[in-house]
Amino acid sequence: MLHSALSFEGGTHGSFLVTRYLPLDELHASLIELVHVPTGASVMHIACDDPENLFCLSFQTLPPSSNGVAHVLEHTVLCGSKKFPVKDPFFSMTRRSLHTYMNALTGQDFTCYPASSQIEKDFYNLLEVYLDSVFHPLLKEISFLQEGHRLELADVAHPKTSPLVHQGVVFNEMKGAMSQLDSRLWEALAAALTPDLPYAHNSGGNPKEIATLTHRDLLEFHATFYHPSRCLFFFYGNLNLVKHLDFIEQHALAGVGKMAPLPPLPRQRRFTQPVTAEAKYPVAEAETKGVISIAWLTAPVAHQEEVLALCLIDSLLMDTDASPLKRALLTSKLCTEAESSLDVEMSEVPYTLTCKGCDCDQANALVAKVLSALAECVRKRFTHEDIEASLHQLEFQRTEIGAEGIPFGLSLFFRAAIIKQHGCDAKQALLIHSLFDDLRAKCKDPQFLTGLIQRHLIDNAHRVTLVLRPDRGLDAAEQAAEEKGLEKIARKVDPAKIKDQMEHLMAAQATMEKQSLACLPKVTLKDVPRKTRVIELKRDKNVFVSPQFTNKIVYADFVIGLPEIAATDLPLLSMMTHFFTEMGCKGRTFEEMLSYQQAYTGGLNASLALHVTQNADVCCPTFGVHGKALERNSDRLIELLKEMTDGVDWSDQARLGELVAEEKTQLQNRLAKNGLSYAIQSALSGLGMAGYVYNQWNGLPYYQRVMQWAKNPETLPEALMRLQKTVLESAPEYVVTCEADVASDLVPKIGVSTTQSKDHWQGAYRYHPVASHVAFIPAPVAFTAYGMRTVGYQHKDAPFLWIAAELLKNGYLHPEIREKGGAYGGGATYAPTTGNFHFYAYRDPKLARTLTVFQGAATWLAEGRFSEEQLEEAKLSSIQTLDAPIPPSNRAMVAYSWQRAHRTVELRQAFRDHILSASKSDITAAATHLMQPAVTVSLLGKEL
């Protein structure tokens, strides 16, 4: 709803002046930009019919060093404010709300606070808390010590060289983050590529420098960057803009003075010749190869038309394994994986090529290969068909709703509002067809794109080649250096003062745990919709269709029920799935297949699903391929899916070898990043059939098999052809999401079939109990799971265990593991489909303490040491999870999965009803299912 006075430029409401009104027909929306005249604060509103309303408060935050001040501030502003002086308004609101998204994010040069809800009352509750948090935070030193960094006395039971240790949520979060290759790579690359700009610093903080940050630094940074006049207030959705304006006037802008706007970032001084830099990253395996990254600084982000053209060039060069630059890199044998990125949020746009699985001494050869491949592209130029295919991909990406797993409004914020903070025109990032029509016209000049490649890449001296070498001893060396620094500090500080500080923090945390949260607004169970969600799914024999608004995109899957698969083939089935859409098919080579997908679809990917039934050990698993296309290309999509139901060509030994080498490199480089996932899967793998199969598909058994296959890939073609024949014997079913007027035309093109599926999955695998154990990875923190088997979906206690997980997470595990223990996170998860329940902790520096916390959690629950208010909050969190928005791309498959697993509307409604009516005695009785021995698995660094 939009007030008429705000529907034209120059319109006013109170102190707000409309500076732009622009219909966005392609998004079925309107863009309204305003300024708050007394303060100069900016407001951006995208008005549309979407009921998932979102706000985002965004600030430019320019880090002066890598001490993490912007990141620590992001945490501490959410630790209590003037109006809401409780310990943790952010995490408290997560369970007093029916939000669809809540977060706080530290970018390289901005910090933003987004939240969304489908309930108006809830939306404004969240907005009020966020406004008071960012503009009137308490910023207590005790919060700084908890969230940022502090010194503690080392655990006498586990003595280290130094009598002191560093602790703090952000400190440990970033220790975990910096154990990941991609974090190391970007920190080193940004420092080399933009040495004169704030991007040279790690805005999240490098643990080596976080410990230098002071509380005074934090206060000064807030005073500089968090003034209301320097805030961008972003809104999206169908709520009334006038109400938004009145609300922020009352709660944030009334009576506020005006600060001068921050000056624009200067331009980076350009290099006169390319630069080479080196860095290291921690690895666990000796044979791991290195990473070589080549990056250029290209156009200013203000030159949006040129940036869009660079996005097109990136798509042409690197989108698929058949794209010319990527093909040249992969066939050169100088790397096993190549990827690119174009950061369109920085003030000047870097273009980066990252090659993994490299011999680090071949950097010069790799640079030469890149430059020669680019020169070849300039010489040959791109065909009209290639340009149209890549334009199609960019158009698709901007048209799709909610494809990134975040609210659509937030994706538009990142697209448009961030560049507005750099002084750019937001409309250039929101228009679709008109911008692409202009770009298409420019591409008629055969030298337009090649000229940009020549200028920004081939002839651009502002280029950095970064060699990132693997180092098995780096983790230990950095730990030793940290302890050496702590020894020096220990000689200068009084241990009694450190002990007093620790006791003061623990006492403050204990006091804050007893604080009343009554000052915080909340929704109640009366605000909760009583009916479970129903997604319309129409069936015509083997075709299932869900009519939805999709912004003119068709989503289609073919799904085949799995037959019985040998246990030894389960990891192979996972590999087949990963590679299925990357191979040739129906006489087309893999290059031709990838080019065809690029030209006519928004991408295809294969997947496996278990579809656990009411019996937690009985599954109806499927193999399927998911595709998407603009409506005008839906015929091509359906044709492609139907071709794939007959299988793909696994005979290309060279292509398979390439894919296996790439998979190996990816798994090795993501070992630390996937640490928690591996720990959970390992802990649950001996508790039931579903856990066993899922672990074989996605856990460490798959990792280990890939390492073996990479050494002997010639055995794979025959094995994959054999397995594919077994899997594709059954008749496929098709699952489609599209707009209603398209569905009637689409079903006949699929061709309704009465053929019955032949799947005979038994899943009678012999799985064995898993002993508690640790596995070592290159990380200075632990990723830990504590798993047990409880009861399944239809058991009377299942809804109560669902609530129990929320109670444990927010009432016990979060304060003990994060606030007191210093880990980045911890919680509990219950899967009613499998009956598995697990506790977890990640980026955790105190494994022994955490295990004690896990062991006390069930007792805390069984003894009913939670209040009625906490129970109501847990119910809200439980319903929030059940009602999380489903993007159009997934709706038909969600409804199909409910049917395949026999999860009827009646069963889901009964589950919801029991959540809403649960009593305290129901929860304590259900806790008896948690009073049993559990399997503990932790992935951690040897030094820890």
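Please refer to the structure higher up on the page.
Residues numbered from 1 in each chain as written. Predicted model: local features only at pLDDT ≥ 70, side-chain atom pairs only at ≥ 80, totals over all residues. Heavy atoms only, no water.

> When you look at the overall build of the protein chain in this model, what are you seeing that I'm missing?
Secondary structure assignment for the protein chain yields 34 helices and 27 strands. Relative to the globule expectation of 30 Å for 944 residues, the C-alpha radius of gyration of the protein chain, 28 Å, shows essentially globular dimensions. Taking all 944 residues of the protein chain together, the buried fraction comes to 61%. Across the protein chain, contacts joining residues at least 24 apart in sequence account for 81% of those joining residues at least 6 apart. As displayed, the protein chain offers around 36000 Å² of accessible surface, 52% of which is attributable to carbon and sulfur atoms. The protein chain carries 91 positive and 107 negative side-chain charges, and their two centres are separated by 3 Å. (Helix = DSSP H or I, 4+ residues; strand = E, 2+ residues; numbered from the N terminus. Rg over C-alpha atoms; globule rule 2.2 N^0.38 Å. Buried < 20%, exposed > 50% of the residue type's maximum accessible area, 1.4 Å probe, protein only. Contact = heavy atoms within 4.5 Å. Areas by Shrake-Rupley, 256 points an atom, 1.4 Å probe, with all protein chains shown as cover. Lys, Arg positive; Asp, Glu negative; His and termini not counted. Charge placed at Lys NZ, Arg CZ, Asp CG, Glu CD.)

> How should I be thinking about the sheet that holds strand β12 (residues 275-282) in this particular structure?
Within a sheet, adjacent strands bond to each other through the backbone by hydrogen bonds, running parallel or antiparallel. Spatially, 5 strands are ordered β12-β16-β13-β15-β14 in an open sheet, and the strand pairing comes out mixed. On the outer flanks of this sheet lie β12 and β14 (337-342), each paired with one strand and no other. In this sheet, adjacent strand axes meet at a mean angle of 20° when their direction is disregarded. Note that strand β13 (residues 290-300) and strand β16 (residues 463-471) share 6 bridges and pair antiparallel. The residue of β16 that forms the bridge with V291 is L468. Sitting on the sheet, helix α12 (residues 363-380) touches β13, β15 (348-358) and β16, and the angle it makes with β13 is about 45°. (Pairing = 2+ DSSP bridges. Axes fitted to C-alpha atoms, helices over the stretch in contact; angles between N-to-C directions.)

> What is the right way to look at the environment of E305 in this model?
Note on placement: E305 falls in helix α10 (residues 304-318). C-alpha separation for the pair E305 and S229, spaced 76 residues apart in sequence, amounts to 29 Å. With residues up to four places along the chain from it excluded, the contact list for E305 reads Q428 and K442.

> I'm lost on the side chain of K628 in this one. Help?
Tracing the sequence through the fold places K628 in strand β21 (residues 622-630). Not counting chain neighbours up to four residues away, the residues in contact with K628 comprise F396, E400, I553, V554, Y555, T601, G602, G603 and L637.

> I keep staring at the packing of aromatic side chains and nothing clicks. Help me out?
Working definition: an aromatic ring pair is given by the centre-to-centre distance plus the angle between the planes. Evaluation of the coordinates by the stated rule reveals 38 aromatic pairs. Note on F221 and F225: the rings are 4.5 Å apart at their centroids and 45° apart in plane angle, and the pair reads as tilted. Here F221 pairs with F225, and both are found in helix α8 (residues 215-225), just 4 residues apart, close to one helical turn. F225 carries the same exposure label as F221, and that label is buried. Taken together, a centroid distance of 6.1 Å and an interplanar angle of 25° make the contact between W296 and Y351 stacked. Taken together, the residues span a long stretch of sequence, with W296 in strand β13 and Y351 in strand β15 at a distance of 55 residues. These aromatic residues form a ring-pair network of at least three members: F55, F59, F90, F91, Y113, F123, Y124, Y130, F135, Y226, F233 and F247. The ring of Y793 carries the charged tip of R903 above its face, separated from the ring centre by 4.4 Å. The side chain of R908 reaches across the aromatic face of W898, ending 3.6 Å from its centre. (Phe/Tyr/Trp six-rings, centres within 6.5 Å; stacked < 30°, edge-to-face > 60°. Lys NZ or Arg CZ within 6 Å of the ring centre and 35° of its normal.)

> Just checking my understanding: could you explain helix α9 (residues 241-253) for this structure?
Residues spaced three or four apart along an α-helix face the same direction, because each turn holds 3.6 residues. The complete set of buried residues in α9 reads L241, V242, H244, L245, F247, I248, A252 and L253. Its buried side turned inward, α9 meets β1 (12-13), β2 (16-24), β3 (29-36), β4 (41-48), α3 (120-135) and β11 (231-237). Where α9 starts, the residue carrying a side-chain oxygen 2.8 Å from the main-chain nitrogen of V242 turns out to be N240. Just beyond α9, the residue with positive phi is G255, at close to 70°. (Polar contact = N/O pair within 3.5 Å; in protein donor to acceptor, adjacent residues only side chain to side chain.)

> Just to check I follow, could you spell out the pattern of salt bridges for this structure?
Opposite charge on two side chains allows them to pair when their charged atoms are near. A complete count under the given rule lists 51 salt bridges for this structure. The shortest N-O distance in the salt bridge between R865 and E863 comes to 3.5 Å. The class of R865 is partly exposed, set by a relative accessible area of 46%. Each of D321, K326, R327, E582, E591, R655 and E658 takes part in salt bridges that share partners, so that together they form one network. (Salt bridge = Lys/Arg side-chain N within 4 Å of Asp/Glu carboxyl O.)

> Any chance you could explain the nonpolar core here in plain terms?
Counting residues in hydrophobic clusters, the biggest one holds 82 residues, and the most contacted among them are F558, F580, F623, V625, W650 and V727. Judged by nonpolar contacts, the second largest core, of 81 residues, contains L24, A338, C355 and L431. (Core = buried A, V, L, I, M, F, W, Y, C linked by side-chain atoms within 4.5 Å.)

> Any chance you could explain a positive patch on the surface here in plain terms?
On the surface, a cluster of positive charge is contributed by K484, K488, R491 and K492. Position of K484 among the secondary structure elements: in helix α18 (residues 474-490). (Patch = residues over 30% accessible without salt bridge, like charges linked within 9 Å, V, L, I, M, F, W, Y side chains within 5 Å.)

> Even after reading the chapter, I still don't get the packing of helix α13 (residues 384-399) against helix α21 (residues 590-600), so can you show me in this structure?
Two numbers describe a pair of packed helices, the interaxial angle and the distance between the axes. For the pair α13 and α21, interaxial distance at closest approach is 7 Å and the crossing angle is 55°. As far as their axial angle goes, α21 and α13 are oblique. For the pair formed by α13 and α21, the contact residues are A389, S390, H392 and Q393 on the first element and Q597, Q598, A599 and Y600 on the second. Along the lines of polarity and charge, the residues of the contact of α13 with α21 split into 3 nonpolar, 5 polar and no charged. (Parallel < 35°, antiparallel > 145°, perpendicular 65-115°, else oblique. Nonpolar A, V, L, I, M, F, W, Y, C, P; charged D, E, K, R; others polar.)

> How should I be thinking about the sheet that holds strand β24 (residues 782-789) in this particular structure?
Within the open sheet, the 5 strands sit side by side as β23-β27-β24-β26-β25. Their pairing is mixed. With one partner strand each, in any of the chains shown, β23 (773-776) and β25 (825-831) form the two edges of the open sheet. Looking at each pair of strands side by side, their axes are set apart by 15° on average, direction ignored. The sheet contact formed by β25 and strand β26 (residues 836-844) spans 7 bridges and is antiparallel. The residue bridging G827 from the neighbouring strand is Y840, located in β26.

> Before we go on, may I ask you to explain the state of the cysteines in this structure?
A full pass over the atoms with the stated rule returns 0 disulfides. Considering cysteine sulfurs only, C620 is the nearest to C619, which forms no disulfide, with 7.6 Å between them. A relative accessible area of 8% means that C619 is categorised as buried. (Disulfide = S-S within 2.5 Å.)

> Could you clarify how one ought to interpret unusual backbone geometry in this entry?
Even without being glycine, L139 reaches a positive phi, approximately 50°. Its location among the elements puts L139 in the loop between α3 and α4 (141-147). Its identity is not glycine, yet N551 carries a phi of approximately 60°, on the positive side. Relative to the helices and strands, N551 resides in the loop between β18 (543-547) and β19 (553-561).

> Looking at this model, I keep getting lost on the pairing of β2. Mind explaining?
Regular strands show a simple pattern: their side chains alternate between the two faces of the sheet. Pairing of β1 with β2, which is carried by 2 bridges, proceeds in the antiparallel orientation. Across the sheet, residue T12 finds its bridge partner in β2, namely L17. Linking two consecutive strands that pair antiparallel, namely β1 and β2, is a turn of 2 residues; a positive phi of about 60° is found at G14 within it. Sheet analysis places β2 next to β3, joined by 8 bridges and oriented antiparallel. If you follow R20 over to β3, its bridge partner there is E33.

> Would you take a moment to explain the packing of helix α1 (residues 69-76) against α8 for this structure?
Closest axis-to-axis distance for the α1/α8 pair is 10 Å, and the angle between their directions is 85°. Between α1 and α8, the interaxial angle falls into the category roughly perpendicular. On α8, the residues touching V69, A70, V72, L73 and T76 of α1 are D217, L218, F221 and H222. Here the contact of α1 with α8 is composed, by residue class, of 6 nonpolar, 2 polar and 1 charged.

> Looking at this structure, I do not really get the side chain of D569. What am I missing?
On the secondary structure map, D569 appears in the loop between β19 and α20 (570-579). A relative accessible area of 10% means that D569 is categorised as buried. Not counting residues within four places of it along the chain, the set of residues in contact with D569 comprises R722 and L723.

> Help me out: how do you make sense of the environment of F8 in this one?
With respect to the helices and strands, the residue F8 is situated in the segment before β1. Distance from F8 to L537, taken between C-alpha atoms, is 42 Å for residues 529 residues apart in sequence. With near-sequence residues (within four places) excluded, F8 lies in contact with V18 and Y21.

> Which parts of the structure should I look at to understand the environment of H392?
With respect to the helices and strands, H392 occurs in helix α13. On the basis of relative accessible area, H392 is assigned to the buried category, the value being 4%. A sequence separation of 205 residues divides H392 from Q597, and the C-alpha atoms of the two residues are 11 Å apart. Sequence-distant contacts of H392, defined by excluding residues within four places in its chain, comprise Q598, A599, Y600, T601, G602, L630, R632 and N633.

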